[in-house]
Amino acid sequence: MNVLNIIKISLAFATAVLIVGTGIVAGLFWHFSHGLPDHKQLADYQPATLTRLYAADGKLLAEYAREKRVFVPVAAMPKRVIEAFVAAEDQRFFTHPGIDFIGVVRAVIANVTNPGKRPEGASGLTQQVAKNFLLTNQATLARKIREAILAFRIEETYSKDRILELYLNEIYLGSGNYGVAQAALNYFDRSLDELTLSEIAYLAALPKAPNRYHILRNEKDAYWRRDYVLNRMQEDGYITAAEAAAAKKDKLAYRRRGATEVATADFFAEEVRRNLMAAYGEKGLYEGGLTVSTTLDPAIQTAADNALRDGLIAYDRRHGWRGPYAKIPDMSVWEEEFARIAQRRPLAGPAAWQLAVVAKVDAQSVQIQGLPGTGDASEGTIPFAEMNWARPTLQNQNVGAAPRGPRDVVAVGDVIVVERIEKPAGQNTKPYPPRTYALRQVPNVEGGVVVMDTQTGRVLAMSGGWSYGRSQFNRAVQAARQPGSAFKPFVYLAAMDAGFSPASIVLDAPFVYDPGHGQPLWTPKNYGGDMLGPTTVRRGLELSRNLMTVRMAQQVGMKNVVAVAKEFGVTDQMGAYLPMALGAGETTLLRMTMAYAMLANGALEITPSLVDRVQDRNGKTIYRHEPRTCKGCGESAGNAKPAAPELIDSRKPFHDPASVYQVVHMMQGVTVRGTAGRLAALGRPIAGKTGTTNDAHDNWFLGSTPDITIGVYIGFDEPRTLGSQETGGGNAAPIYEQIAKEIFKGKPPTPFRVPPGLRMVRYTYEGGSIDEVFKPGTEPGSDGFMSTPLDGSAPYSAIDPTQGGPQQAGGPRRPGLSGTGETY
């Protein structure tokens, strides 16, 4: 056989192999093409992007997502980011038709010649897009063939830029980050255009094995892979040798967002999340990429959190020591047991509080150990002066005898809560020695705070309890509680509507109510059991007199009282029963704060809102909360100087403004001469009211200025007495005071707006001489005035204790009646 024949046979054989091979490949493509996902759906691709909540000052509040991702169009991505990923993952991406055949051959040769090593892959960017979007991660030949077919189809349909956009926004880069923009934020706290070359190369190193190359867990491997990417970028001509060398010297710094960039308000954020879930559904919240501008003011939130925490600590300390946090019976293994306790029961409280173990109890001090640190730093001393408050807690929140020494409080093996201190409380005290601590106790009482914009209903801060880590139950919005005397302003408002005035006289005397139907008689009492006799309506509200309130409620009719309560949103359902006049119906702190805000703003309707605006993933505003319109906002007048924007409030009062203002004016007396008189020190008009329920189960204070309304609640989650001496004025009002001092610091007082038609008259009553407001014809000296000067020279209007109706009666009035009163 000559050479020519051999060549002919070889060519024939090669041709046959080619034909057969082509047929096999064609057959495989035909077989695996059936049932493939439609690659054209990528044209409508909208990735699941995270929803972000922002505080009013722009700080990040929370993020919600199934896949943490920030979508960035490829046109907005820095060129160097694209180059890095192409160099690392698909060198010939811009020239191949979907599959890098050179890369495939190279991978096959490498896998054959190195059988013991991990097999090399050859999937280019387009193949990865096909796999990530349209297929599964199943490692089979069938999947690889389908992936190749789809890669060809994708390349035929979409531009290289579109394929890069899909890839760079979808790729998983470890630590829950999807897409290069999200990874840049979470690894380096930078946007894409702020990244250094070293950081870009590191991100491009991650797709191969995100966990293996994590900078914190595997630093050596992470730097090796980053340098590999830099070398590839240099070889492909994207960077110079000098740039590569400089980038290799850079130390990668894993940076979390700083505390100054993040707002902390767990209860607030969770309530926003619940509202968004209700409005947009689970998919919209966790995949919709919403941008939510909330009403949160971080500074006010911090003030509210601190004040509530301080108030709960103060209350808890008054009611004694409940014992150690935990006990370690065998001190020979205290370190192991202490670690288990700390892990099993994480401490919820101020950051400065720590757990420690009592190692020794001396006559006037306690030695503790287990503190953060090593050697001497893990030990400390508690002087008896810093634990002598720890009287034992008794039944009904009473306390036992004061401890005589440390042994009356703690024992060796007790796990206790401590806080490092530098000197005793008080002025001009000598500093303690280093590593001195004070005994602390996590309160078992709870509470809530709401701070609201009086005019708009924007919730500026919300604290739902001692710690979100201890309990996610939000007492500001989820706890239905009796408001007690905090409900009284709405009874007084119904009375003003019915013709009463602040100077009307109501009898503060025994009251008996027969509900009928065989039910027992109801005999309400004043707090403290005292009675003042004939007393002005104003003084009755200032001192929170129960007997006067129920008499007025009976006179004006409970149906009218209920109508007022519903009108102001205190409750949706309320029985027209006389005990309801003393706040026996249940409501929430948020509702009460809203109701007080509408009293203070002159009965302009508001809806409490935690969200100012919601934008979809494309930046389109899909929700906005603002009851007012802005004239001149965003308008242009050509070359003319634009007018200053003006807020136009088209709302009309839904209740008689005159009656509302009379109640608000009387409520200002509560915070000067009444049950919350301590707030007079703030030096500004505050319309407020305290509240204490039956057996002191719940304590309240709500107070409004024309700008800000603050509501405070304190109580146990499982209702029980707070203690016989605990009142809203005693423990809720101080929390209000602490918040108000922070909010109003450096700000001048703002007076309440007086509606037209009222008359201001200088008037002397039990609390002193004041300027009182009257509706025309009801002021002193007018025909419609049914009260008397305090010298008793004229009749006064009273409510008879037996009949409950207004009566003309004579008799002297006693000026300067005084006393304290809280209600239940």
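To be clear, the structure that these remarks concern was listed above.
Summary of the structure given here.

Analysis parameters
- Residues numbered from 1 in each chain as written.
- Predicted model: local features only at pLDDT ≥ 70, side-chain atom pairs only at ≥ 80, totals over all residues.
- Heavy atoms only, no water.
- Helix = DSSP H or I, 4+ residues; strand = E, 2+ residues; numbered from the N terminus.
- Expected span 1.5 Å × (residues − 1).
- Buried < 20%, exposed > 50% of the residue type's maximum accessible area, 1.4 Å probe, protein only.
- Pairing = 2+ DSSP bridges.
- Axes fitted to C-alpha atoms, helices over the stretch in contact; angles between N-to-C directions.
- Contact = heavy atoms within 4.5 Å.
- Phe/Tyr/Trp six-rings, centres within 6.5 Å; stacked < 30°, edge-to-face > 60°.
- Lys NZ or Arg CZ within 6 Å of the ring centre and 35° of its normal.
- Core = buried A, V, L, I, M, F, W, Y, C linked by side-chain atoms within 4.5 Å.
- Polar contact = N/O pair within 3.5 Å; in protein donor to acceptor, adjacent residues only side chain to side chain.
- Salt bridge = Lys/Arg side-chain N within 4 Å of Asp/Glu carboxyl O.

**Some thoughts on helix α18 (residues 589-600)**
Its twelve residues place the ends of α18 16 Å apart at the C-alpha level, agreeing with the 16 Å of an ideal helix rising 1.5 Å per residue. Among the residues making up α18, those that are buried are Leu-589, Leu-590, Met-592, Thr-593, Met-594, Ala-595, Tyr-596, Ala-597, Met-598, Leu-599 and Ala-600. A positive phi of about 85° marks Gly-602, the residue just after α18.

**Section: the sheet that holds strand β1 (residues 51-54)**
In spatial order, the strands read β2-β1-β5-β16-β17; together these five strands make up an open sheet with mixed pairing. Looking along the sheet, the strands with just one partner apiece sit at the ends: β2 (60-64) and β17 (621-624). In this sheet, neighbouring strand axes are inclined to one another by 15° on average, regardless of whether the strands run parallel or antiparallel. Both strand β5 (residues 291-294) and strand β16 (residues 611-615) contribute to a ladder of four bridges, which runs antiparallel. Along β16, the bridge assignment pairs Ser-293 with Arg-613. Across the sheet, helix α11 (residues 266-287) is in contact with β1, β2, β5, β16 and β17; its angle to β2 comes to roughly 35°.

**Some points on the packing of aromatic side chains**
Per the stated rule, a full pass over the model turns up 22 aromatic pairs. With 6.3 Å between their ring centres and 70° between their planes, Tyr-315 and Phe-716 make a pair best called edge-to-face. Of the two residues, Tyr-315 sits in helix α12 (residues 298-318) while Phe-716 sits in the loop between β22 (708-715) and α20 (728-743), which places them 401 residues apart along the sequence. When the ring of Phe-701 is compared with that of Tyr-736, the centres are 5.0 Å apart and the planes differ by 75°; the resulting orientation is edge-to-face. Linking Phe-701 in strand β21 (residues 698-704) with Tyr-736 in helix α20, this pair joins segments that are 35 residues apart in sequence. Of the two residues, Phe-701 and Tyr-736, neither departs from the other in class, the shared state being buried. Of the aromatic side chains, those joined through ring pairs into one cluster are Phe-487, Phe-490, Phe-568, Tyr-596 and Phe-654. Over the ring of Phe-93 we find Lys-160, and its NZ or CZ is 4.4 Å from the ring centre. Lying across the ring of Trp-466, Arg-309 places its NZ or CZ 5.0 Å from the centre.

**Considerations on the nonpolar core**
Val-451, Phe-490 and Phe-568 are the most contacted members of the largest nonpolar core, which totals 128 residues. Ranked by residue count, the leading element in this core is α18, at ten residues. Aside from chain neighbours lying at most four places away, what touches Phe-568 is Phe-490, Leu-493, Met-594, Ala-595, Met-598, Leu-599, Ala-603, Phe-654, His-655 and Val-660. Core analysis: the next-biggest nonpolar cluster, separate from the first, contains 54 residues, Val-81, Val-129, Ala-184 and Ile-200 among them.

**Observations concerning the side chain of Arg-475**
By the element assignment, Arg-475 lies in the loop between β13 (459-463) and α14 (488-497). Here Arg-475 falls in the buried class, since its relative accessible area comes to 1%. Engagement of the side chain of Arg-475 in a polar contact is seen with the side chain of Ser-471, the distance being 3.1 Å. Here the side chain of Arg-475 touches Asp-717 through a polar contact of 2.6 Å, side chain to side chain. With near-sequence residues (within four places) excluded, Arg-475 lies in contact with Phe-267, Glu-446, Gly-447, Gly-464, Gly-465, Leu-589, Tyr-713 and Asp-717.

**Section: unusual backbone geometry**
We note that Ser-175 has phi near 55°; this positive angle belongs to a residue other than glycine. Within the secondary structure, Ser-175 is located in the loop between α6 (160-170) and β4 (177-178). Given the relative accessible area of 32%, Ser-175 is considered partly exposed. Located in the positive-phi region is His-517, a residue other than glycine, with phi close to 55°. Looking at the element boundaries, His-517 is found in the loop between β14 (505-508) and β15 (533-536). Looking at His-517, the relative accessible area reads 81%, which means it is exposed.

**Topic: the sheet that holds β21**
Spatially, β13-β12-β22-β21-β20 is the arrangement adopted by the five strands of the open sheet, whose pairing is antiparallel. What marks the edges here is a single partner per strand, and that holds for β13 and β20 (687-692). Averaged over all neighbouring strand pairs, the angle between strand axes comes to 5°, with direction disregarded. Note that strand β12 (residues 446-453) and β13 share four bridges and pair antiparallel. Along β13, the bridge assignment pairs Val-449 with Ser-463.

**Regarding the pattern of salt bridges**
If you walk through the whole model with that rule in mind, you get 45 salt bridges. Two residues, Arg-226 and Asp-227, come together in a salt bridge whose shortest N-O distance is 2.9 Å. As a salt-bridge pair, Asp-530 and Arg-545 come within 3.2 Å of each other at their nearest N and O atoms. Of this pair, Asp-530 sits in the loop between β14 and β15 while Arg-545 sits in the loop between α15 (537-542) and α16 (546-556); the two residues are 15 residues apart in sequence, bridging distant segments of the chain. For Asp-530, a relative accessible area of 29% translates into the label partly exposed. Via salt bridges that share partners, Arg-538, Arg-539, Glu-542, Arg-673 and Glu-772 belong to a single interconnected network.

Distances and angles like these do not, on their own, reveal function.
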